[in-house]
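Results of the structural survey
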Amino acid sequence: MASNEEHYTLPRPSFDKPVKILIVVAPYYKPVAEQLVKGAVDEIEAVGGFHEIIEVPGALEVPTAIGIAERMSNFDGYVALGCVIRGETTHYETVCNDSSRGLTLLGLQGLCIGNGILTVETYDQAWARAAVDEQNKGGGAAAAALHLVALARRWGASRKGVGFVPARDEFQLAGAESGKDTA
């Protein structure tokens, strides 16, 4: 059984300047979410970092909240937390796939995100993965975010997005005349 296997974990990164991490949690299964948050907070504080916690309605809203925070705030990294337990409909697949895809796309844009959204069959599986004295997946998600922040700092200043970015004069908003303010 996978939960009984020992896995290698990287040594905790160290930082010259404190990190600021946003923890975004979907507390639909409140006791599970509380354990995930506790594990994440413990890991962030272990490296001398600061954190802020926000709650969103469900796992699908986690990537959106992280995207908003990235545009409007100054966090070094993000921890995505929540739990999706299989039910009787295909909604489970939608939530699991789309929340994961959203986080992956944000990560590919350069955001430092640890994904701690549990996708399980039963509440017992969720608890075993969330509990800080068991698998501590919240702590693992925070560790992932911290390792990515360390890499970003190692390789230099952050960049917004990846790929082609047009020069300022190569695009304009719909309805705006070139060089004139429409407001």
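These remarks concern the structure in this document. These numbers come from a predicted model, not from an experiment.

So, about helix H4 (residues 123–130). By the burial criterion, the buried members of H4 are Ala126, Ala128 and Ala130. Considering only its buried residues, H4 is in contact with helix H1 (30–46), strand E3 (77–85) and strand E4 (113–120).

A word on the pairing of E4. Of all eight residues that make up E4, six are buried, and the element is covered over most of its length. For the handedness criterion, the β-α-β arrangement of E3, helix H3 (residues 91–108) and E4 is classed as right-handed.

Moving on, we come to H1. In a regular helix each residue adds 1.5 Å, so 17 residues correspond to 24 Å; H1 covers 24 Å between its end C-alpha atoms and thus fits that length. All buried positions along H1 are accounted for by Val32, Ala33, Gln35, Leu36, Val37, Gly39, Ala40, Val41, Glu43 and Ile44. Taken together, the buried residues of H1 touch strand E1 (20–25), strand E2 (50–55), E3, E4, H4 and helix H5 (137–154). Positive backbone phi, approximately 80°, marks Gly48, located one or two places after H1.

What follows deals with the packing of helix H2 (residues 61–72) against H3. In helix packing, the relevant descriptors are the interaxial angle and the interaxial distance, both defined with respect to the helix axes. The contact between H2 and H3 brings their axes to 8 Å, and the two run at 25°. On the basis of their axis angle, the class for H2 and H3 is roughly parallel. From H2, Val62, Pro63, Ile66 and Gly67 reach across to H3, where they touch Ser99, Gly102, Leu103 and Leu106. Tallied by class, the residues present in the contact of H2 with H3 amount to five nonpolar, three polar and no charged.

The next point concerns the packing of aromatic side chains. Two aromatic rings, taken as a pair, are described by how far apart their centres are and by the angle between their planes. Taken as a whole, this structure holds three aromatic pairs when the rule is applied. Where Tyr29 meets Tyr123, the ring centres are 6.5 Å apart and the plane angle is 65°; that geometry is what we call edge-to-face. Residue Tyr29 is located in the loop between E1 and H1, and its partner Tyr123 is located in helix H4; the two are separated by 94 residues in the primary sequence. Take Tyr123: its relative accessible area is 36%, and that puts it in the partly exposed class. Put simply, the rings of Tyr28, Tyr29 and Tyr123 pair up and form one aromatic cluster. Sitting over the face of the ring of Phe75, Lys20 holds its NZ or CZ atom 4.8 Å from the ring centroid.

The subject of this paragraph is the nonpolar core. One finds Ile23, Val79, Leu81 and Leu118 to be the most contacted residues of the largest nonpolar core, which totals 27 residues. Listing elements by their share of this core, those giving two or more residues are E1, H1, E3, E4, H4 and H5. With seven residues, H1 is the largest single contributor of residues to this core. Those residues in contact with Leu118 that lie beyond four places of it in its chain are Val32, Leu36, Gly82, Cys83, Val84, Ala126, Arg129, Ala130 and Lys137.

Scoring rules and cut-offs
Residues numbered from 1 in each chain as written. Predicted model: local features only at pLDDT ≥ 70, side-chain atom pairs only at ≥ 80, totals over all residues. Heavy atoms only, no water. Buried < 20%, exposed > 50% of the residue type's maximum accessible area, 1.4 Å probe, protein only. Helix = DSSP H or I, 4+ residues; strand = E, 2+ residues; numbered from the N terminus. Contact = heavy atoms within 4.5 Å. Right-handed = clockwise from strand over helix to strand, strands pointing away. Expected span 1.5 Å × (residues − 1). Axes fitted to C-alpha atoms, helices over the stretch in contact; angles between N-to-C directions. Parallel < 35°, antiparallel > 145°, perpendicular 65-115°, else oblique. Nonpolar A, V, L, I, M, F, W, Y, C, P; charged D, E, K, R; others polar. Phe/Tyr/Trp six-rings, centres within 6.5 Å; stacked < 30°, edge-to-face > 60°. Lys NZ or Arg CZ within 6 Å of the ring centre and 35° of its normal. Core = buried A, V, L, I, M, F, W, Y, C linked by side-chain atoms within 4.5 Å.

Don't take any of this as a statement about function, it's just geometry.
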